[in-house]
Amino acid sequence: MVERKIGWEPQGSHTLVGGEIQRVDGKVKASGQAKYTNDINTPGTLFAKLLTSPHAHAKLVLLNIEKAKGVKGVKSVLAIAKVGDEIQYEGWPIVAIAAERPEFAEDGLRAVEFKFEPLPHFVDGSDFKGAVEADVTVGGKPLKLTKSVGKSGQGDVEVALKEAKHVHRGTYGIHMITHMSMEPHGSHAAWDGENLNVALSTENVSGTSGQYVQPVGVDAMNVNIRCDFLGSGFGSKSTVDEWDVACAKLAKATGKPVRLMLSRTTEMQIGGNRPSAFAEVTVACDAEGNVTAWDSRHWGSNGLQGSIVDHDVTPYVFLPKTRQSVSTGIATNCSPERPWRAPHHPQACAYTQTALDDLAAKAGIDSLQFFQKNLNLTSLPHIYGPELEIAAKLIDWKGKWHPRGKGSGNGPVKRGVGVALHTWDGAANQSNVTLKVHSDGSVEVVTGSQDVGTGTRTCIAQVAADTFGVSMSTIKVSLGSNQFPKAGPSEGSSTIGGVTGPVRRTAQQALWKILDLVAAKYTVERTTLTARDGKVWLGEKEVCTWKQAATLVGPMGLELYGGPVTEDEGLTNHQVGGVQMAEVAVDTETGVIRIVKMVAVQDAGMIVNRLLARSQVYSGLIMGIAYSLSEERIMDNKTGRFINANLNDYKLPRIGDIGDLVVEFYEPESEYKRGVIGLSEPPVISTGAAISNAVANAVGVRVPVLPLTPKRVLDALKGAKG
Amino acid sequence: MERDEVNRVGAGFSRREFLKGSGAAVVAGAAATSAVEGPLEAQQPATKIISAEPHTIKLNVNGKDQNLTVEPRVLLIDALRNDLNLTGCKDVCDRSTCGACTVLIDGKPVYACTRFAIEVVGQKVVTAESLHSLEKTDDVVTAFCKYDAIQCGFCTPGFVMAVRGFCNQNPGATEDACRRALGGNICRCGIYDGVLKAAYDTAQIAQ
């Protein structure tokens, strides 16, 4: 008898789930045939462009769009801002113009007459003292830029510091970065009577239609949202933004489809950013290296709101019994924060685990041993322990670690290794699916979810095909429409668990119904039947083919609806742990850091697709290398401008900058049994701390602020020499 | 050195040939050619100044001649995307930095945003779309799928064309040569590891 229980097969028993399955949409993506929002060119489409504020804080005192209306090819001009408005950051949208060609829209923008009266601004979230002293107003009233956003503590830190054997004090930081999605934010809007049809570059297909109602004046039931392919978002694309509203209004005014995508510079200025974080840390341990106390004061900015990294993640992962921290947010004239891959964790990890590594050095203990010794202060020692051992072997920690700055070789290039670890929740989102088995045996799965690059279509097809014992080509997956069953936004690594859970459950239920029909027709015991290799089996005996079995559902097919997963079903779970180690080579004469090797060992519960899962970890490592070494939103406090808001000067790593990347999944049966847990966020978290620790190991001093640019490396070396 | 070896950017093909040889009424002004090296006679000021009005030109794209009417200022990337609906070449950086719009022009990888549409009259333009159909899939596309050198997929066609062009010119290239050659493209998701493996594979097949 085959037990009928919702859940995954025992480890090693699935045919497709867990395997290295190529993307079902790989060829259309690689050959440029996949149509993203940015590529929608329905007949008559107009191209819209934005005029934005060059000032961080200013009053708009003149705006005349009349001349622009007369420019050749311009079809509609929309003033988004009005005279008298107080502009509060650079990139603030002022005017949108739709024209027959993008060149004409640009001609139109040049014909807009405008004048700003600049007001005092403050844009440097790293400058605490400057923020306290800044003279900035809002609506003519003085604005206090700093505000307390969190305070917590337990135990007597003063006593613990006094009793400690080693005490380390340091200041650390990590600058603001932007999302820099390859496809900018934007939409293509077309009206059809009362219906507003929108191709939206969004990570939230099911949750965006309502956001058009008030600003555009449309009923939610008449808003159709589509997103077949998304050129990434990393957390920044969950809303309908003012430029999307402008696009819909321009479409209405012209009676034509309009596409409005942000320019690269505007995208970087206002398309989302990750808050900066700076911290003064005091941390202490006993003679054996057990961490006994943590004390920190941190500040930073997420733009206008004046908040900072979530207080709850400080200190990060390691929680000494005695600890206290205070957070101060700084309001800046910068566009607001949007969730960036593993919101707030990379920053908290960076200032916590670099400080711990400095304490280890002060205590004269090998960093790895120090981290291992203190795993009792974490919530996942049973995960981190084995992961650290695996990572140490893969990077040859024993062979490569040396006391700080004491590596072999007399040349200017110094090598070092570093370690850090992280955690992430990764619980499944709330997604619904419909699953239809047609009488020819083909299967359709439909959900209002989206593929942000993780491979949603592929994972869904894999789970359905595996459950029915059929080939991948038997399954058709449709997603990316708000007309499909509601699915949660792709935030916080919640999608793969969110969709594969209901697909597995619903496919199992459908299969059992079909097997019941087979049992009745062929008069065999229903609970002894299984489906695999395109056939239905009674033990090792073939009963019928899948196609024959499917005919039994009749011409209307079998259609089931699957609601969101709950963790008690055993299909999904939350909370994972991962560790990373870095080996770097630092040129002490030029300050240039080269990544030699990165090792990531990651737990993600049950892996659905090993090929795509590995890609997610590579992705985390590479984005981590970016914010560790070169990527920084540089705000110039004099002009109030984001001075490197372009891809020449906003430095991202290229193919030659990433070193040797090694990815290993930690998937013992105990973790496999927990089911699917989100994987995309965790591997981007501890890369910064691991690289910074490796650099400190190499050169003997801490370069305290990320990204570790050549100048910061040289400054740190100079500072150490006195 | 990298540039020589890779031949990614530069006057490998000649806009001068277009100006001299094309029978079209379109002749670009001296200003448009002054920065380009070439034979002395070709550097003589052009006799006709091109008008800013739209011109009808014939482009050879993916083996097919296509007529389109564009102003001389229209970039090849915009002509491909907006006039021919070949949106595989992506507009990402607005400043010839990221390689997402890479196409082949007479076999060589070129950023489509660095050429005016009128400049490539008489040349053969190949875009990513031509590398996959129901009948045939190019080795590069197959290799990108095999190594999952794809995430969101937005930069991928540009990378695919860069790899195709490089492997055409450098069959049997080493992994190191691939790494140096593909520095002209940016990915944000992080597909570099897969791209490198795919490029190496393709280079060996191209041998």
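Note that the structure is predicted; figures quoted are calculated from it, not measured.

All right, on to empty space enclosed by the protein then. All names here are of chain A. Counting across every chain of the model gives four cavities of 30 Å³ or more. Here the second largest cavity is characterised by a volume of approximately 50 Å³. Lining the second largest cavity are Tyr172, Gly173, Ile174, Gln347, Ala350, Tyr351, Thr354, Ser692, Val703, Pro704, Val705 and Leu706. Residue assignment for the lining of the second largest cavity shows that the elements contributing at least two residues are strand S10 (166-174), helix H9 (345-363) and strand S33 (705-706).

Residues and elements named next belong to chain B. The strand order across the open sheet formed by five strands is S2-S1-S5-S3-S4, and the pairing between neighbours is mixed. The open sheet terminates on both sides in strands that have one partner only, identified here as strand S2 (64-70) and strand S4 (108-111). Across the sheet, the mean angle from the axis of one strand to that of its neighbour is 45°, orientation sign disregarded. The pairing of strand S3 (residues 102-105) with strand S5 (residues 124-126) spans two bridges and is classified as antiparallel.

A word on the packing of helix H13 (residues 456-468) of chain A against helix H14 (residues 495-522) of chain A. Residues and elements named next belong to chain A. It is at 9 Å that the axes of H13 and H14 come closest, and there the two elements cross at 25°. If you check the angle between H13 and H14, you find them roughly parallel. Of the two possible hands of crossing, H13 and H14 adopt the one that is right-handed. Contacts from Thr456, Cys459, Ile460, Val463, Ala464, Asp466, Thr467 and Phe468 in H13 reach Thr495, Ile496, Val499, Thr500, Val503, Arg504, Ala507, Gln508, Ala510 and Leu511 in H14. Residues belonging to the contact of H13 with H14 are distributed by class as follows: eleven nonpolar, five polar and two charged.

Turning to the pairing of strand S25 (residues 535-538) of chain A, a few remarks are in order. Residue and element names in this part refer to chain A. Of the strand pairs in this sheet, strand S24 (residues 529-532) and S25 are connected by four bridges, and their pairing is antiparallel. Its bridge partner lying in S25, Ala531 is registered against Val536. In this structure, S25 lies alongside strand S26 (residues 541-545), joined through four bridges in antiparallel fashion. Among the inter-strand pairings, Leu538 is bridged to a residue of S26, identified as Lys541. Taking the residues between adjacent antiparallel strands as the criterion, S25 and S26 are bridged by two residues, where Gly539 takes a positive phi near 60°.

The next point concerns the pattern of salt bridges. Counted according to the given criterion, the structure contains 44 salt bridges over all chains. Between Arg614 of chain A and Glu20 of chain A there is a salt bridge, with the nearest N and O atoms lying 2.5 Å from each other. With Arg614 of chain A in helix H16 (residues 610-629) and Glu20 of chain A in the segment before helix H1 (26-30), the pair connects residues that are 594 residues apart, well separated along the chain. The closest approach of N and O atoms between Lys711 of chain A and Asp715 of chain A, which form a salt bridge, is 2.8 Å. Of this pair, Lys711 of chain A and Asp715 of chain A are both found in helix H19 (residues 710-721), four residues apart, which corresponds to roughly one turn of the helix. Of the residues examined, Lys711 of chain A reaches a relative accessible area of 57% and is grouped as exposed. Classification of Asp715 of chain A by relative accessible area gives partly exposed; the value is 36%. Each member of the salt-bridge network shares a partner with another, and the members are Lys72, Asp107 and Arg110 of chain A together with Glu71 and Arg73 of chain B.

This next bit is on the domain arrangement of chain B. Residue and element names in this part refer to chain B. As assigned here, chain B comprises domain 1 (2-127) and domain 2 (131-205). Carbon and sulfur atoms supply 55% of the area that domain 1 and domain 2 bury against each other, a total of about 1600 Å² over both sides. Applying the counting criterion to the domain 1 and domain 2 interface returns zero salt bridges. Looking at the side of domain 1 that touches domain 2 residue by residue, the class counts come to nine nonpolar, seven polar and five charged.

What counts as what
- Residues numbered from 1 in each chain as written.
- Chains lettered and ligands numbered in written order.
- Predicted model: local features only at pLDDT ≥ 70, side-chain atom pairs only at ≥ 80, totals over all residues.
- Heavy atoms only, no water.
- 1 Å grid on protein atoms, 1.4 Å probe; cavity = no way out; pocket = protein on both sides within 12 Å on 5 of 7 lines; lining within 4 Å.
- Points joined across faces, edges and corners; volume = space filled by probe spheres on them.
- Helix = DSSP H or I, 4+ residues; strand = E, 2+ residues; numbered from the N terminus.
- Pairing = 2+ DSSP bridges.
- Axes fitted to C-alpha atoms, helices over the stretch in contact; angles between N-to-C directions.
- Parallel < 35°, antiparallel > 145°, perpendicular 65-115°, else oblique.
- Left-handed = near helix turned anticlockwise from the far one by under 90°.
- Contact = heavy atoms within 4.5 Å.
- Nonpolar A, V, L, I, M, F, W, Y, C, P; charged D, E, K, R; others polar.
- Salt bridge = Lys/Arg side-chain N within 4 Å of Asp/Glu carboxyl O.
- Buried < 20%, exposed > 50% of the residue type's maximum accessible area, 1.4 Å probe, protein only.
- Domains from an automatic or database assignment.
- Buried area = accessible area lost by both parts, 1.4 Å probe.

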